[in-house]
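What follows is the residue order along each chain.
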Amino acid sequence: MDANPTLDQLQVFLAVAEAGSFSAASRQLNRAQSVISYTIGNLEAQLEMALFDRSGSRQTRLTEAGKALLADSRRIMADLQVMRARAKALKQGLEAEVSLAISNMVPIHAIVDSLTEFGKRYPSVALHLNSGELGMVMDMVSSGRASVGIGGPLLKEDDTLMVDRIGHSYMVPVVASIHPLAQLRRPLTRFDVREEVQLVVTDASGITRGRDFNVLSYKTWRVGDIATKHQLIRGGLGWGGLPASLIHEDLASGRLVALEIDAYESTLYPLYAVRRTANPPGPATQWLLDNLAARLAQCPGQDQMAAMIHRQPPDEERLAAE
């Protein structure tokens, strides 16, 4: 019978492939480099093929066979993590604390309603809640500072995370009714907005450094959180995108006006629950995720939201709101 690769061999193989060298993998795994080389040599002997090209380059490169087997190795290790997580979930009781990281894109009314029921159902469970922008959610879950995150799509691939679609939201470009852009009363082009100040949230996590989303203006003011951005836009200091759930009343009263900009992507924004594969949700956390998902499913559809956004109140309503 052929000898099967061991899980330890696969772990070492993944470490070398991802770290880029035998020496880097040895530091990452806290093992001697000779042990790393010996382990890879045995794995190659069992598979009867070379996994790495060692022909003089400082950077350890995967062979074509190594590239093909890399995906298989990742899948096997991921399946093992799922099995360990399932076993952990079966033996754990009610958790003492639920730690959440929630994006400001998540409709606040759904969060408040779910947490209200959560407090009544699980009075003994402490809650640690963080809210923030962009890469913060992924950063907190990856680092273990939050057990579960609710936010947008992953900004980088991470095999250690489990991601499940949980709902949706919308980012809408808006401006105060007193702003010059609101007075144009027509669909706008990139040329119309590029000389106006656009308010942009800076990602404190650093994950999205160097990447801008829907930034169309030459003049940008960067702020640290979406609440500050909301208040500055309401004050007429610039335009920018805000979650539709946050500005529902502002739009209805006419204090803010939704902008139709041909270059702005204001389509449905998917929301996901993110957690580490090795850290399955306990009973209280799972209940909260299920309850929040049910509430997010009741949020308006894209057609309904578009109708609400583009309904402009009469001029006298706007004046009264001001």
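Treat the numbers as computed from the prediction; the structure is a model and nothing was measured.

Asker: I'd love a proper account of the overall build of the protein, names of residues and values included.
Answerer: Counting secondary structure elements, the protein contains 13 helices and 11 strands. Each of the 322 residues in the protein was classed as buried or not, and the buried ones make up 42%. Sequence-distant contacts, at least 24 apart, represent 73% of the contacts inside the protein between residues at least 6 apart. Working note: accessible area of the protein is about 17,200 Å², and carbon and sulfur atoms make up 51% of it.

Asker: Kindly report on the pattern of salt bridges, identifying the contributing residues and their values.
Answerer: Applying the stated criterion across every chain yields a total of 9 salt bridges. Here Arg-145 and Asp-139 are joined by a salt bridge, their closest N and O atoms 2.5 Å apart. A relative accessible area of 26% places Asp-139 in the partly exposed class.

Asker: Hey, could you go over helix H11 (residues 283-296) for me, with residue numbers and the actual values?
Answerer: Residues separated by three or four positions in an α-helix point in the same direction, a consequence of the helix having 3.6 residues per turn. An ideal rise of 1.5 Å per residue puts 20 Å on 14 residues; H11 measures up with 20 Å between its terminal C-alpha atoms. Looking at the buried residues of H11, the elements they touch are strand E3 (97-103), helix H5 (108-121), strand E5 (148-151), strand E6 (161-176) and strand E11 (268-276).

Asker: Outline the packing of helix H1 (residues 7-19) against helix H3 (residues 33-47), listing residues and values.
Answerer: Running from amino to carboxyl end, H1 crosses H3 at an angle of 110 degrees, the nearest separation of the two axes being 9 Å. Comparing their axes, H3 and H1 come out roughly perpendicular. Handedness of the crossing formed by H1 with H3: left-handed. Side by side, H1 and H3 meet where Asp-8, Gln-9, Val-12, Phe-13 and Val-16 of the first sit next to Ile-36, Thr-39, Ile-40, Asn-42, Leu-43 and Gln-46 of the second. Taken together, the residues of the contact of H1 with H3 break down into 6 nonpolar, 4 polar and 1 charged.

Asker: I'd like a rundown of the packing of helix H2 (residues 22-29) against H3, residues and numbers included.
Answerer: Packed helix pairs are characterised by how far apart their axes lie and by the angle those axes make with each other. Their axes nearest at 8 Å, the elements H2 and H3 cross at an angle of 110 degrees. Taken together, the axes of H2 and H3 lie roughly perpendicular to each other. Judged by the twist between their axes, the crossing of H2 over H3 is right-handed. Mapping the contact onto sequence places Phe-22, Ser-23, Ala-25, Ser-26 and Leu-29 in H2 and Gln-33, Ile-36, Ser-37 and Ile-40 in H3.

Asker: Provide a residue-level description of the nonpolar core, including the pertinent values.
Answerer: Formed by 21 residues in total, the largest nonpolar core has its most connected members in Val-98, Val-106, Phe-118, Ile-150, Ile-166 and Leu-296. Listed by contribution, the elements that provide at least two residues to this core are E3, H5, E5, E11 and H11. Here this core takes 6 residues from H11, the largest share from any one element. Ignoring sequence-local partners within four residues, the contact set of Ile-150 consists of Ala-101, Ile-102, Ser-103, Val-106, Val-137, Ile-166, Tyr-272, Ala-273, Leu-289 and Leu-292. Counting 16 residues, the second-largest nonpolar core is a separate cluster that includes Phe-13, Leu-14, Met-77 and Leu-80.

Asker: Break down the confidence of the model for the protein for me, citing the residues and quoting the values.
Answerer: Here the protein shows a mean pLDDT of 81. Residues at 70 or above account for 83%. Per-residue pLDDT stays below 50 along residues 314-322; that stretch engages in 15 contacts with residues further than four places along the chain or on separate chains.

Asker: Requested: an account of the packing of aromatic side chains, with residues and values cited.
Answerer: Any aromatic ring pair is given by two values, namely how distant the centres are and how the planes are angled relative to each other. Counted under the stated rule, the structure contains 6 aromatic pairs. On the basis of an interplanar angle of 70 degrees and a centroid distance of 5.7 Å, the ring pair of Phe-13 and Phe-52 is categorised as edge-to-face. Of this pair, Phe-13 sits in helix H1 while Phe-52 sits in strand E1 (residues 52-53), and the two are 39 residues apart along the sequence. Both residues of the pair, Phe-13 and Phe-52, count as buried. Ring centres of Tyr-122 and Trp-287 lie 6.0 Å apart, and the angle between their planes is 70 degrees; this geometry places the pair in the edge-to-face category.

Asker: How would you summarise H2 if you had to cite specific residues and measurements?
Answerer: Along H2, the residues classified as buried are Phe-22, Ala-24, Ala-25 and Ser-26. Among the structural elements, H1, H3 and E1 are those in contact with the buried residues of H2. Just downstream of H2 lies Asn-30, where phi reads positive at about 60 degrees.

Asker: Before we move on, can you summarise the environment of Arg-27 with the specific residues and values?
Answerer: Tracing the backbone through its elements, the reader meets Arg-27 in helix H2. What makes Arg-27 exposed here is its relative accessible area of 60%. Along the backbone, Arg-27 and Ala-15 are 12 residues apart, and their C-alpha atoms lie at a distance of 10.0 Å.

Rules used throughout
Residues numbered from 1 in each chain as written. Predicted model: local features only at pLDDT ≥ 70, side-chain atom pairs only at ≥ 80, totals over all residues. Heavy atoms only, no water. Helix = DSSP H or I, 4+ residues; strand = E, 2+ residues; numbered from the N terminus. Buried < 20%, exposed > 50% of the residue type's maximum accessible area, 1.4 Å probe, protein only. Contact = heavy atoms within 4.5 Å. Areas by Shrake-Rupley, 256 points an atom, 1.4 Å probe, with all protein chains shown as cover. Salt bridge = Lys/Arg side-chain N within 4 Å of Asp/Glu carboxyl O. Expected span 1.5 Å × (residues − 1). Axes fitted to C-alpha atoms, helices over the stretch in contact; angles between N-to-C directions. Parallel < 35°, antiparallel > 145°, perpendicular 65-115°, else oblique. Left-handed = near helix turned anticlockwise from the far one by under 90°. Nonpolar A, V, L, I, M, F, W, Y, C, P; charged D, E, K, R; others polar. Core = buried A, V, L, I, M, F, W, Y, C linked by side-chain atoms within 4.5 Å. pLDDT = per-residue confidence, 0-100. Phe/Tyr/Trp six-rings, centres within 6.5 Å; stacked < 30°, edge-to-face > 60°.

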